[in-house]
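Okay, here's what each chain looks like letter by letter:
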Amino acid sequence: MKSLQALSFIKSDLNAVMLHDPATKNKFEAALCSSGFHALVMYRFFHFLHVHRYFLLARILSALTRFFTGIEIHPGATIGRGVFVDHGSGVVIGETAVVGNNVIIYQGVTLGGTGKDKGKRHPTIEDDVMISSGAKVLGPFTVGKGAKIGAGSIVLNEVPPGATVVGVPGHIVKIAGKRIDELNQSLPDPVEDDIEKLMARIETLERKVAELTAHNNG
């Protein structure tokens, strides 16, 4: 049953290459030439060894996979079906990372931790997420279903479902296709600030003068 499940996952990964890579003409080419697909096939095997406590052998095969593909996946990571790793050189997926189904990962992506803490220290990527080139997702939080991470972004906090995150540090610019102006793009104007302070001071002085005048007249 386990072997049939692994074959089903590999078939889904191959279909993902055909779906997302317009440069690939057929499945035969995808199977022979896609380094991302090769890395995932090897991952299915050494993850099986890791689960059955053949830790050293699993790490050796993981290291060999990194050498031949440029993609580093820890045997302890959990990866769903239909995942597409495009031009995967430099991709790193940490030990406690969880990657859902139909996730797209481009080159240079890191799913990493932020320290040497034990336990869950890498992100959980839910289904249908796209992580663009060079993005770093660091920490034990969740990137929600259908979210998009922009190229070169550094994401350090939870991302809600359907959100688009860009920048360093990453900030949300869209949720479910609707823009969110989270950043105040206007720069402070010191002259305007001084004028406002002077006007407030003048109003205060005028009020005091009026009060004194009324008191003297009385």
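Residues numbered from 1 in each chain as written. Predicted model: local features only at pLDDT ≥ 70, side-chain atom pairs only at ≥ 80, totals over all residues. Heavy atoms only, no water.

**As for the packing of aromatic side chains**
Counted only if it meets this: The pairing test for Phe, Tyr and Trp rings, Trp by its six-membered ring, is centres within 6.5 Å, and the orientation test on the planes gives stacked under 30 degrees, edge-to-face over 60, and tilted for anything in between. Per the convention used, a helix needs a DSSP run of H or I reaching at least four residues, while a strand needs a run of E reaching at least two, with both numbered from the N terminus. With a 1.4 Å probe rolled over the protein chains alone, any residue whose accessible area is under 20% of its type maximum counts as buried; one over 50% counts as exposed, and the rest are partly exposed.
Applying the stated criterion across every chain yields a total of two aromatic pairs. Where Tyr43 meets Phe46, the ring centres are 5.9 Å apart and the plane angle is 90°; that geometry is what we call edge-to-face. Of this pair, Tyr43 and Phe46 both sit in helix H3 (residues 35–51), separated by three residues, roughly a single helical turn. A single burial state applies to Tyr43 and to Phe46, both of which are buried. Arranged with centres 5.1 Å apart and planes meeting at 85°, the rings of Phe67 and Phe68 form a pair that is edge-to-face. This pair shows no difference in class: Phe67 is exposed, exactly as Phe68 is.

**Quick notes on the packing of H3 against helix H4 (residues 55–69)**
This is how it is decided: For helices, the fitted line uses only the C-alpha atoms of the stretch in contact; every axis is such a line through C-alpha atoms, and the angle between N-to-C directions lies from 0 to 180 degrees. When an angle is under 35 degrees it counts as roughly parallel; over 145 it counts as roughly antiparallel; between 65 and 115 it counts as roughly perpendicular; any other value is oblique. The contact rule is simple, with two residues in contact once any of their heavy atoms fall within 4.5 Å. Asp, Glu, Lys and Arg are counted as charged, while Ala, Val, Leu, Ile, Met, Phe, Trp, Tyr, Cys and Pro are counted as nonpolar; the rest, among them Gly, fall into the polar class.
Orientation of H3 relative to H4, taken along the N-to-C sense of each, is 175°, at an axis distance of 8 Å. The angle between H3 and H4 falls in the class roughly antiparallel. On H4, the residues that touch Ser35, His38, Ala39, Met42, Phe45, Phe46, Leu49 and His50 of H3 are Phe55, Leu57, Ala58, Leu61, Ser62, Thr65 and Thr69. Looking at side-chain class alone, the contact of H3 with H4 contains nine nonpolar, six polar and no charged residues.

**Some points on unusual backbone geometry**
Cis geometry marks the peptide bond from Val168 to Pro169; its omega dihedral reads -5°. Note that Pro169 resides in the loop between strand S14 (163–166) and strand S15 (171–175). If you check the backbone angles, Asn102 has positive phi at about 60° while not being a glycine. The residue Asn102 is located in the loop between strand S5 (98–99) and strand S6 (104–105) in this model. Here Asn102 falls in the partly exposed class, since its relative accessible area comes to 40%. The backbone of Asp128 shows a phi angle near 65°, a positive value even though the residue is not glycine. Mapped onto the fold, Asp128 is located in the loop between strand S8 (124–125) and strand S9 (130–131). Among the residues examined, Asp128 registers a relative accessible area of 35% and is labelled partly exposed.

**So, the pattern of salt bridges**
Note the cut-off: Any carboxyl oxygen of Asp or Glu that lies within 4 Å of a side-chain nitrogen of Lys or Arg is treated as forming a salt bridge with it.
If you walk through the whole model with that rule in mind, you get four salt bridges. In this structure, the salt-bridge partner of Glu72 is Arg66, at a minimum N-O distance of 3.5 Å. Relative accessible area serves as the criterion here: at 30%, Glu72 is assigned to the partly exposed category. Using a relative accessible area of 39% as the deciding quantity, one classes Arg66 as partly exposed. In this structure, Lys145 and Asp128 form a salt bridge, with 2.6 Å as the shortest nitrogen-oxygen distance. Residue Lys145 is found in the loop between strand S11 (142–143) and strand S12 (148–149), and its partner Asp128 is found in the loop between S8 and S9; the two are separated by 17 residues along the sequence. Residue Lys145 is classed as partly exposed on the basis of its relative accessible area of 43%.

**A few points about the side chain of Ser62**
Secondary-structure assignment places Ser62 in helix H4. Dropping the residues within four chain positions of it, Ser62 is found in contact with Phe46, Ile73, His74 and Pro75.

**Concerning the sheet that holds strand S13 (residues 154–155)**
For the record, the criterion: Here, strands pair whenever DSSP counts at least two bridges between them.
With parallel pairing, the five strands of this open sheet are ordered in space as S1-S4-S7-S10-S13. Two strands in the sheet have a free side with no partner beyond their single neighbour: strand S1 (72–73) and S13. By the bridge criterion, three bridges tie strand S7 (residues 110–112) to strand S10 (residues 136–138) in an arrangement that is parallel. Each residue of the ladder has a partner; that of Gly112, found in S10, is Leu138.

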